[in-house]
Amino acid sequence: MLNFEQRLIDRLRAAQRIVVLTGAGTSSESGIPTFRDVLTGLWENFDAQQLATPQAFDADPEMVWGWYEWRRGLVMQCLPNSAHQAIAAMQDLVPDLSVVTQNVDDLHERAGSRDVVHLHGSLHEPRCRDCAAPYVFPAAAPDEPGGGRRLPPPVCTECGGMVRPGVVWFGESLPVDNWLRAQELASGCDVLFSVGTSSLVYPAANLPHIARAENACVVQINPQATGLETVVDYDLQGKAGHVLPALVQAVWADT
Ligand code: BV8
Ligand code: ZN
């Protein structure tokens, strides 16, 4: 049974505006590997940061498209976990709660979270590299995700160009509106949760600092240390799928 400091419980009960910033660790209990996990299959000898770049796609589109289709197939086979569900439940318990995610899966939406702000795009929104027209996937899910393989990217139905994953790669700018909104939310909230992220990738990793600078209460949920400990008011060491449901229960169950 997890115990939480009464000060934290009181702070959360009084909170009007809460922001939940999530990273890959939030989806790991759904069976989706994080960037820190060893990549399986074709890509075990590559670092995700090497693959998640425009240069990698230009150099070997089939390898990169295959990697994203493997990940998309995996996401389609997985279910939201109790962390996603607790975050969705919180949205109906708090006057104003926003989810800002670095993840490119749709597990927050499938758990029922509304108005999720995606900082790094989505596996489900590919677009043409040349004319930016959205590409609509054929109905069938991609091949069995086991191990993944090289796949030729689809051809744009508008201009015949090459379709690319709808994610933000390293070295690419974040969607301007989403990033502006995320900064606005972080600077105007009473509490910011940083859940399941190594807090290593910028500018997303600035959000807890932005919240802190406006005297918000910053809460980290992560089984490991991340270096954010110097900024947070509460460091809840544990798995998101375990800590978040217990926290929702402790704070809002009997209110
Ligand atoms: C940009 C989509 C500039 C693709 C991703 C300073 C300022 C600005 C930029 C930079 C800067 N310094 C360096 C940069 C460049 C770079 C960067 O930050 N590099 C890092 C490596 C230093 N940033 C960029 O390139 C960004 N672009 O700034 O553009 C610019 C400006 C103007 C004009 C042109 C350009 C773009 C970055 C976005 C990259 N795309 N994802 C894809 O998914 O394939 S990043 C990807 O990795 C994630 O989205 C996430 O953001 C990041 C890190 O992953 P995490 O989510 O944190 O997951 P990770 O695996 O690292 O950690 C998992 C954590 O979960 C761990 O802590 C673990 O302990 C924990 N955990 C595990 N299990 C659980 C758990 N926690 C809870 N419960 C569990 N059960
Ligand atoms: Zn096109």
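The model shown is predicted, which means the values in this text are computed figures rather than measured ones. (Residues numbered from 1 in each chain as written. Chains lettered and ligands numbered in written order. Predicted model: local features only at pLDDT ≥ 70, side-chain atom pairs only at ≥ 80, totals over all residues. Heavy atoms only, no water.)

(A) Structural view of the coordination of the zinc ion (ligand 2). Protein ligation of the zinc ion (ligand 2) involves Cys128 (SG), Cys131 (SG), Cys156 (SG) and Cys159 (SG), the donor distances falling in the range 2.2 to 2.3 Å. Here the zinc ion (ligand 2) is ringed by 4 donor atoms whose angles at the metal span 104 to 115°, and the overall shape comes out tetrahedral. One chain supplies every donor to the zinc ion (ligand 2), and in sequence these donors are spaced C-x2-C-x24-C-x2-C. Note that Cys131 is positioned in the loop between strand 4 (127-128) and strand 5 (163-164) and Cys156 in the loop between strand 4 and strand 5, a separation of 25 residues in sequence. For Cys156, a relative accessible area of 6% translates into the label buried. (Donors = N, O, S within 2.8 Å, 3.2 Å for Na, K, Ca; no water. Tetrahedral: all angles 85-135°; square planar, octahedral: opposite > 155°, others 65-115°. Helix = DSSP H or I, 4+ residues; strand = E, 2+ residues; numbered from the N terminus. Buried < 20%, exposed > 50% of the residue type's maximum accessible area, 1.4 Å probe, protein only.)

(B) Focus on helix 8 (residues 176-187). In this model, helix 8 (12 residues) spans 17 Å end to end at C-alpha, consistent with the 16 Å of a helix rising 1.5 Å per residue. Turning to helix 8, its buried residues are Trp179, Ala182, Leu185 and Ala186. For helix 8, the buried positions fall inside an angular range of 125° around the axis, keeping them on one side. In this structure, helix 8 carries Val176, Asp177 and Glu184 as exposed residues pointing more than 90 degrees from its buried face. Buried positions along helix 8 lie against strand 1 (17-22), strand 2 (96-101), strand 3 (117-118), strand 6 (191-195) and helix 9 (207-213). (Expected span 1.5 Å × (residues − 1). Arc of directions from axis to C-beta. Contact = heavy atoms within 4.5 Å.)

(C) Examining the domain arrangement of the protein more closely. Partitioning the protein into structural domains gives domain 1 (1-30 + 79-120 + 174-255) and domain 2 (33-77 + 127-164). On the domain 2 side, the residues contacting the 10 residues of domain 1 number 7 residues. With both chains or domains summed, domain 1 and domain 2 bury close to 570 Å², and 63% of this area falls on carbon and sulfur atoms. Three residues stand out in domain 1 for area buried against domain 2, namely Ala24, Val104 and Arg110, and they jointly supply 40% of the buried area on that side. Connecting domain 1 to domain 2 are 0 salt bridges. Between the two partners, domain 1 and domain 2, sit 1 residue pair in polar contact (both at pLDDT 80 or more). Sort the elements by how many residues they give to the side of domain 1 that touches domain 2 and helix 2 (residues 24-28) lands first, with 3 residues. In terms of residue class, the side of domain 1 that touches domain 2 is made up of 4 nonpolar, 3 polar and 3 charged. (Domains from an automatic or database assignment. Buried area = accessible area lost by both parts, 1.4 Å probe. Salt bridge = Lys/Arg side-chain N within 4 Å of Asp/Glu carboxyl O. Polar contact = N/O pair within 3.5 Å; in protein donor to acceptor, adjacent residues only side chain to side chain. Nonpolar A, V, L, I, M, F, W, Y, C, P; charged D, E, K, R; others polar.)

(D) A look at the site of ligand 1. The full set close to ligand 1 counts 35 residues, and Arg36, Tyr68, Gln102, Gly171 and Ser198 are the nearest of them. Here a nitrogen atom of ligand 1 sits 3.1 Å away from a polar atom, N or O, in the side chain of Ser28. At 2.7 Å, a side-chain N or O of Asn222 approaches an oxygen atom of ligand 1. For ligand 1, the accessible surface in isolation is 1,500 Å², of which the surrounding protein chains cover 75%. Contributions of two or more residues to the shell around ligand 1 are made by helix 2 and helix 5 (61-77). It is helix 2 that provides the largest number of residues to the shell around ligand 1, a total of 3 residues. (Near = heavy atom within 4 Å. Areas by Shrake-Rupley, 256 points an atom, 1.4 Å probe, with all protein chains shown as cover.)

(E) Geometry of the nonpolar core. Ranked by internal contacts, the top residues of the largest apolar core, which has 30 residues, are Leu12, Ile18, Phe193, Leu236 and Leu244. The dominant element in this core, judged by the number of residues it contributes, is helix 10 (residues 240-252), at 7 residues. Apart from the residues within four sequence positions on either side, Leu12 is in contact with Ile18, Val191, Phe193, Leu247, Val251 and Trp252. Listed in part, the 21 residues of the second largest apolar core include Val19, Leu174, Ala186 and Val218. (Core = buried A, V, L, I, M, F, W, Y, C linked by side-chain atoms within 4.5 Å.)

(F) Representation of the sheet that holds strand 6 within the structure. Ordered in space as 3-2-1-6-7-8, the 6 strands form an open sheet in which the pairing is parallel. At either end of the open sheet lies a strand with only one pairing partner, and these are strand 3 and strand 8 (234-236). Relative to strand 2, strand 1 runs parallel, the two being bridged by 6 bridges. Note that in strand 2 the partner of Ile18 across the bridge is Leu97. Seen against the sheet, helix 1 (residues 6-14) touches strand 1, strand 6, strand 7 (217-221) and strand 8 and runs at an angle of roughly 105° to strand 8. (Pairing = 2+ DSSP bridges. Axes fitted to C-alpha atoms, helices over the stretch in contact; angles between N-to-C directions.)

(G) Up close: the packing of aromatic side chains. Under the defined criterion, the tally for this structure stands at 5 aromatic pairs. A network of ring pairs unites the aromatic residues Phe57, Trp67, Tyr68 and Trp169 as a single cluster. Just above the ring of Phe137 sits the side chain of Arg72; from NZ or CZ to the centre is 3.3 Å. Taking the ring centre of Trp169 as reference, the NZ or CZ of Arg164 above it sits at 3.9 Å. (Phe/Tyr/Trp six-rings, centres within 6.5 Å; stacked < 30°, edge-to-face > 60°. Lys NZ or Arg CZ within 6 Å of the ring centre and 35° of its normal.)

(H) How the structure looks around the pairing of strand 6. Here strand 6 lies mainly inside the structure; 5 of its 5 residues are buried. Because side chains alternate across strand 6, one face comprises the buried residues Val191, Phe193 and Val195, and the other comprises Leu192 and Ser194, equally buried. Across 5 bridges, strand 1 lies against strand 6 in parallel orientation. Note on strand 6: the bridge partner recorded for Val20 is Phe193. In this sheet, strand 7 lies alongside strand 6 in parallel orientation, the contact comprising 5 bridges. In the sheet register, Ser194 faces strand 7, and the bridge partner there is Gln220. Assessed by its sense of winding, the connection that carries the chain from strand 6 through helix 9 to strand 7 is right-handed. (Right-handed = clockwise from strand over helix to strand, strands pointing away.)

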